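Structural overview
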Amino acid sequence: MRPRSLRRLACAAALALVLPTLLLAQGERKVLTQDSYDLWRTILQPTLSPDGRWAVYTLTPTVGDGQLIARATSGSTEYRVSRGSTGRPLQSVTGQGFTAQAAQITGDSRFVVFLQYPTQGALDSARARRARPADQPRSALAILSLTDGNVATVEKVRGFQLARDGGRVVVYQLEADTAAAGAGAGGNARGARPDSAARPARRKDSGSPLVIRDLASGAETRIEGVTNYVLHDSERWIAYSRTGADSLGVDGVYVRDLGTGAETALMRATGNYRSLAFDEAGTQLAFISDADTWGAETARYALYHAALSGPRNRPGPQAATRIATAADVATGMEIAERSRVQFVKGGGVLGFGISRELPDSIPADSLADKAVVDLWHWQDTRTQPMQRQQAGQDRNRQYTAVWHVASRQLRVLGSPDLPNVSLSDDGRTAIAVTNVPYQLDAISGEGGNDVHLINTVTGASRQLAIKIRGGAQLSPGAKYVTWWENGAWRVHDVAANRTRELTAGISGVSFAQETHDTPSEPGSWGLGGWTRNDAVVLVNDRFDIWEVDPTGRSAPRNLTDGVGRRDSIVFRIVNLDPDAGAIDPAQPLLLRAFDRRTKDAGVYRERLGVAAQPERLLMAPKTWPVLQRARRAEQYLVARADFREYPDLWTGARFDALTRISDAMPEQREYRWGNARLHRWLNSDGVPMEGILYTPEGFDPSKQYAMVVYFYEQLSDNLHQYHRPAGRNIVNPSVYTSLGYVVFFPNIHYTPGYPGPSSLKSIVPGVQSLIQAGFVDPKRVGIGGQSWGGYQTAYIVTQTNLFAAAVPNATVSNMTSAYGGIRWESGVERAIVNYERGQSRIGGSLWEYPERYIENSPLFFLDRVTTPMLFMANDNDGAVPWYQGIELFVGLRRLGKEAYMLNYNGDAHNPRKYANQKDIDRRMQEFFAHHLLGQPAPDWMVRGIPFLERGRDQLNR
């Protein structure tokens, strides 16, 4: 046998030894492995039918084919339909993630409509044969009848729409015929090379068939060449734009009455038609088109409006009229090519987007022999890297304009100086929040926002706030504007033009985040919402909720009667009807509750204006990641979980009578699974601390275990969180306890200016308290973290020899060199975001506190390190520059310390490619197994991976 084969066998044997030999001794349960990860299923997009009689969700594995499940909320009827490959981890570091589109239930609760994707086998086959895009497997439309479980399917469907309040039809669009599309109007024939000096021919949007299908009978109406479409929520109307050869004269926008089948052309002319939008009542339609300028040298879009019912002598939909062009908006602006067109509630105002007129792009070959240069100017409000990252946003940036339907008046509200404008529900009032005046101040951390109130009818504007840290919000009825400023809530009465402190009548309670621990201004605990007619605003403190009269005439009242602060329970309002806008004061409120001491969670009920303590409906040592109510029934859907309990779905008409309706991972019972509990200790300064202690199944406190410590900042509130078995650049407690480790997630208490020492003072005493308890072997303790946790890990092992192995992934090792850098994924300068006022908590600049930057940097203390280190530093990390990992590795190597650095080529801060995620997980397990469990070192730790042999270790994986 060749030496390389022997090495491979030795490596496999070492990996097998990671699994403790006692794995079958206790109930014959299996240890979680990477093969287990791929099979683990997740419940995605759970929802209730409007009548509450059905729960629908997608059950998807990490890798492979998922199922659509429709389960009756009473009885045991359940339908399962394949959805194809819904588990699609990234194959490439540059690819985009995939999430299955949520299934939709018809408004009458009779059908479920969803996309069926190609199977994993079909996708693998296409990848293996390197199929062209036109030959890739396609999605299908599936229609499940909840009456009898029958499923109808349609092949090669691009997407679909259902009316929110309907149930008669589904509208879907087929994939375009690529051969026919290639011969469409405009553009060059395949293979022809365009003249870079010539303006490219105008291209039409490509169309494909649109089908209107009767859900009960299956009868279909097909419409060719549709480019865009929208179905009204009432299911009376569908509007669509069409394209075709110019000789056919079909280009235009059409509306069809779904009751009679009558089609009306609202506009016909050669061009593109986009952004179709109905009003809420279905009485009018708006869209944009470049048809008026189709023959011109430069395309300009115009906004069109059509009434769907005319006067008595001209009933039915009316021809569209042009209501705005580039000439009607601000100088240098035009109607945006992808304008956001939307009617406000009531339909009295039409909002749309305008954009800057951009200069023509420069042909690439005209710069072939020219200098390529970026100029970094000292007064640029954004760095060149940020401008590069945001170039797409800048090209497509839109500013708000409105058109008043009755008066036919146009008003431009937004501009480059007022980029963010929000409209009231009736569209007659708007607020603009802008940071433009303070963009240069933001470089030194002194940025802020101005707030302006705008009357969209008259155009009158007034400034409400200057240089506040956050934003501002209109109340649902637009009577008030609220914002957070200098540690207090402010409220502005729009009609009275008066501003006051909203919570001025409340003493002894802080509405600022008293747990805030970075050297920056603390934010608020937020608002809980408004009641109808803007009568009362609900304001959160750390624990309780307050009813506050925005006029100040009535005294504030503690809605939760102080129970929250008294019992350390955090109460927050649950919004069960996102479309409602305002809270109905006659209806009881549902409150989420979280016990800060025990970490229990649940649901309470409370009533506005009633002096009574909140009523507990449900409280348990669980998490409740899903909490829904049916749209037209008193039926609830929740997911319940803890560290051991999978987050299955439960349903019922009351919270004290819930029934489980899913069993998504029965296989979990076959695996060894740990337990979780709170652990408390004092840090080195005597501050009470807490963390989560995870122990393996069959834990015996009389024995000594290897322990892995993992942390970030504050993780103990996640005591009852379920951790799906998975592997990447973190420590998964479900996996590591299955492997036989004790796992410790400690919290950290920070002292501003000293993040490294703070982590040391918090974590080391916590670990020592567990060693003193007797069940942790002091010679077999490992430590690890990712990003900020990686930095703290690297710092800690320069100050103590307590740990036998360390994995500081994506770590900053030298704050002095990282300080002046760029976060390449966003282009943001690291100085303010990370160091002075942010997570690093230094509290000032490198010139103010040079000693703090050095004292908190692991690099300057590497000579003290005795702990072997494995860490990941990826060359496309957009958050922590990978040269920080290089500095750490070079220093350790120069000092003769055991160190291994992994660079997943082209990958990011957290690896995106699934193979990279599993690889770092495997190597972390092997590294810890060697140093903490005494297992043989794998081949990569013994001899490394020479550059010329890169990839060979992956061939059999």
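As the structure is a computational prediction, the values presented were derived from the model and not from experiment.

We now examine the sheet that holds strand β37 (residues 569-573). With respect to topology, 4 strands assemble into an open sheet ordered β37-β38-β39-β40, the strand pairing being antiparallel. What marks the edges here is a single partner per strand, and that holds for β37 and β40 (615-620). Strand-to-strand twist of the sheet, defined as the mean angle between neighbouring strand axes without regard to direction, takes the value 25 degrees. Across 5 bridges, the pairing between β37 and strand β38 (residues 589-595) is antiparallel. Across the sheet, the residue bridging to Phe571 is Ala593, located in β38.

Moving on, we get to helix α9 (residues 755-773). In this model, α9 (19 residues) spans 28 Å end to end at C-alpha, consistent with the 27 Å of a helix rising 1.5 Å per residue. Counting buried positions over the 19 residues of α9 gives 14, a clear majority of the element. Of the residues one or two after α9, Gly774 is the one with positive phi, at around 100 degrees.

For helix α14 (residues 882-894), which comprises 13 residues, the first-to-last C-alpha distance of 18 Å matches the rise-based estimate of 18 Å (1.5 Å per residue) to within 8%. Every buried residue of α14 is accounted for by Gln884, Gly885, Leu888, Gly891 and Leu892. One side of α14 holds all its buried residues, which, seen down the axis, span an arc of 135 degrees. Those residues of α14 that are exposed and aimed more than 90 degrees away from the buried face are Arg893 and Arg894. In this fold, the buried residues of α14 make contact with β50 (805-809), α11 (815-819), β53 (869-872) and β54 (899-902). Gly896 lies just past α14 and shows a positive phi near 75 degrees.

Here we come to the packing of α9 against helix α10 (residues 788-796). One can describe the packing of α9 onto α10 by two numbers: an axis separation of 9 Å at closest approach and a directional angle of 80 degrees. For the element pair α9 / α10, the angle class is roughly perpendicular. Taking contact as the criterion, the partners of Pro755, Gly756, Pro757, Ser759, Leu760, Ile763 and Val764 in α9 are, on α10, Trp788, Tyr791, Gln792, Tyr795 and Ile796. Looking at side-chain class alone, the contact of α9 with α10 contains 9 nonpolar, 3 polar and no charged residues.

Turning our eyes to something else, we now look at the pairing of strand β46 (residues 688-695). Burial analysis of β46 places 7 of its 8 residues in the buried class, which makes it a mostly covered element. When strand β45 (residues 675-682) meets β46, the two strands line up antiparallel, connected through 8 bridges. Each residue of the ladder has a partner; that of Leu682, found in β46, is Pro688. By the bridge criterion, 4 bridges tie β46 to strand β48 (residues 742-746) in an arrangement that is antiparallel. The partner of Leu693 across the bridge, within β48, is Phe744.

Predicted confidence across the chain gives a mean pLDDT of 91, with 95% of residues reaching 70 or more. A low-confidence stretch, residues 1-26 stays under pLDDT 50, and its non-local contacts, those more than four residues away or across chains, total 30 contacts.

Looking at chain direction, strand β14 (residues 252-257) and strand β15 (residues 263-268) are connected through 5 bridges and run antiparallel. Along β15, the bridge assignment pairs Val253 with Met267. Hairpin remark: β14 followed by β15, antiparallel, with 5 residues in the connecting loop; positive phi at Gly261, about 80 degrees.

With that settled, consider the environment of Tyr480. Looking at the secondary structure, you find Tyr480 in strand β30 (residues 480-485). By relative accessible area, which is 7% here, Tyr480 ends up buried.

The next subject is the sheet that holds strand β8 (residues 151-154). Spatially, 4 strands are ordered β5-β6-β7-β8 in an open sheet, and the strand pairing comes out antiparallel. Each of the sheet's edge strands pairs with one partner strand only, and the pair in question is β5 (104-105) and β8. Sheet topology places strand β6 (residues 111-116) next to strand β7 (residues 140-145); 6 bridges connect them, and they run antiparallel. By the bridge assignment for β7, Gln116 is matched with Ala140.

What follows is about the side chain of Glu235. With respect to the element layout, Glu235 can be found in the loop between β12 (220-231) and β13 (237-242). A polar contact is formed between the side chain of Glu235 and the backbone nitrogen of Arg168, at a distance of 2.9 Å. Among all residues touching Glu235, those that are not within four sequence positions of it are Ala163, Gly166, Gly167, Arg168, Val169 and Leu258.

What counts, and where the lines are drawn
Residues numbered from 1 in each chain as written. Predicted model: local features only at pLDDT ≥ 70, side-chain atom pairs only at ≥ 80, totals over all residues. Heavy atoms only, no water. Pairing = 2+ DSSP bridges. Helix = DSSP H or I, 4+ residues; strand = E, 2+ residues; numbered from the N terminus. Axes fitted to C-alpha atoms, helices over the stretch in contact; angles between N-to-C directions. Expected span 1.5 Å × (residues − 1). Buried < 20%, exposed > 50% of the residue type's maximum accessible area, 1.4 Å probe, protein only. Arc of directions from axis to C-beta. Contact = heavy atoms within 4.5 Å. Parallel < 35°, antiparallel > 145°, perpendicular 65-115°, else oblique. Nonpolar A, V, L, I, M, F, W, Y, C, P; charged D, E, K, R; others polar. pLDDT = per-residue confidence, 0-100. Polar contact = N/O pair within 3.5 Å; in protein donor to acceptor, adjacent residues only side chain to side chain.

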